[in-house]
Amino acid sequence: MNPDQIVERYFAAMRRGPEAEADLLALFAPDAVYAEPFSGDGPAEGIQAIRSRFRDGWQTPLPDLELDVLELEVAGSTARSLWECRSPGLPGPVRGEDRYEFSGGRITRLDVTILGRDG
């Protein structure tokens, strides 16, 4: 699987939520690192820690979540996506950036950054 396909599958799984856990985790290497601003914790290292991080987030899902990829740039074994999330549970649209590293057809590192809120 090439990086474009991996990112497309990642966002498709994120839109589906907990029912897509197996599909989502299959995109990560066993020793992957996932750094995100939502939990307030340091990076999750390894597939079990990443699973726990996603499960924690799914416990308080945003209602009627819409998640759109606005830009995707792939350069060799790295990629950058710009996305926008909307939900009645948010004060307005939220934009973020994901930076990916890939090896062996899987994500080895994913860094998520919130860029700001519109509106």
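It should be noted that the structure appears before, not after, this text.
Here the structure is a predicted model, which means the values were calculated and not measured.

*Asks:* Got a sec to walk through the pairing of strand 3 (residues 66-75)? Specific residues and values, please.
*Replies:* Two strands pair when backbone bridges link them, and strand 3 and strand 4 (residues 78-86) are joined in this way by 9 bridges, in the antiparallel orientation. Counted as the bridge partner of aspartate 68 is glutamate 84 from strand 4. As consecutive antiparallel partners, strand 3 and strand 4 are separated by 2 residues, and within that stretch glycine 76 has a phi angle of approximately 65°, a positive value.

*Asks:* Now, about the nonpolar core: what can you tell me, with residues and values included?
*Replies:* Ranked by size, the top nonpolar core spans 29 residues in total, and within it Tyr10, Phe28, Phe54, Tyr100 and Ile107 carry the most contacts. For this core, the secondary-structure elements that each account for two or more residues are helix 1 (3-16), helix 2 (21-25), strand 1 (28-35), helix 3 (47-58), strand 4, strand 5 (94-103) and strand 6 (106-117). Counting residues per element, this core draws most heavily on helix 1, which supplies 5 residues. Every residue in contact with tyrosine 100, bar those within four places of it in the chain, is listed here: Val7, Tyr10, Phe11, Ser77, Thr78, Ala79, Arg80, Ser81, Ile107, Arg109 and Leu110.

*Asks:* Explain a nonpolar patch on the surface residue by residue, including any values.
*Replies:* On the surface, Val69, Leu72 and Val74 cluster together to form a nonpolar patch covering roughly 180 Å² of accessible area. With respect to the secondary-structure elements, valine 69 resides in strand 3. Of the residues examined, valine 69 reaches a relative accessible area of 34% and is grouped as partly exposed.

*Asks:* I'd like a description of the pattern of salt bridges, backed by residues and values.
*Replies:* According to the stated counting rule, one finds 14 salt bridges in the structure shown. Measuring nitrogen to oxygen at the nearest pair gives 2.9 Å for the salt bridge that ties glutamate 66 to arginine 86. You can see glutamate 66 sitting in strand 3 and its partner arginine 86 sitting in strand 4, a full 20 residues away along the chain. Note that aspartate 68 is salt-bridged to arginine 86, the shortest N-O span being 2.4 Å. Of the two residues, aspartate 68 is situated in strand 3 and arginine 86 in strand 4; the sequence distance between them amounts to 18 residues. For aspartate 68, a relative accessible area of 32% translates into the label partly exposed. Among the charged side chains, a salt-bridge network with shared partners connects Glu66, Asp68, Glu84, Arg86 and Arg95.

The rules behind these values
In every chain, residue numbers begin from 1 and rise along the written sequence. A pLDDT threshold of at least 70 governs which residues receive local features in this predicted model, and a stricter bar of 80 or more applies before side-chain atom pairs are shown or counted, although totals over entire chains, interfaces and linings include all residues. Each side-chain value is derived from all of the structure's non-hydrogen atoms; neither hydrogens nor water enter the calculation. Between any two strands, at least two bridges found by DSSP are needed for them to pair. A run of H or I in DSSP becomes a helix once it reaches four residues, and a run of E becomes a strand once it reaches two; helices and strands are each numbered from the N terminus. The definition of a nonpolar core used throughout is a set of buried Ala, Val, Leu, Ile, Met, Phe, Trp, Tyr and Cys residues joined through side-chain atoms within 4.5 Å. Here's how the labels work: a residue is buried when its accessible area is under 20% of the maximum for its type, exposed when over 50%, partly exposed in between, all with a 1.4 Å probe on protein chains only. Contacts are assigned to residue pairs with any non-hydrogen atoms lying within 4.5 Å of each other. Candidates for patches are residues over 30% relative accessible area with no salt bridge; among them, like charges are joined within 9 Å and nonpolar side chains (Val, Leu, Ile, Met, Phe, Trp, Tyr) within 5 Å. The Shrake-Rupley method, run with a 1.4 Å probe, gives the accessible areas here. Residue values count only the displayed protein chains as cover. Salt bridge, as used here: a side-chain nitrogen of Lys or Arg that lies within 4 Å of a carboxyl oxygen of Asp or Glu.

All we've got here are geometric facts, nothing functional implied.
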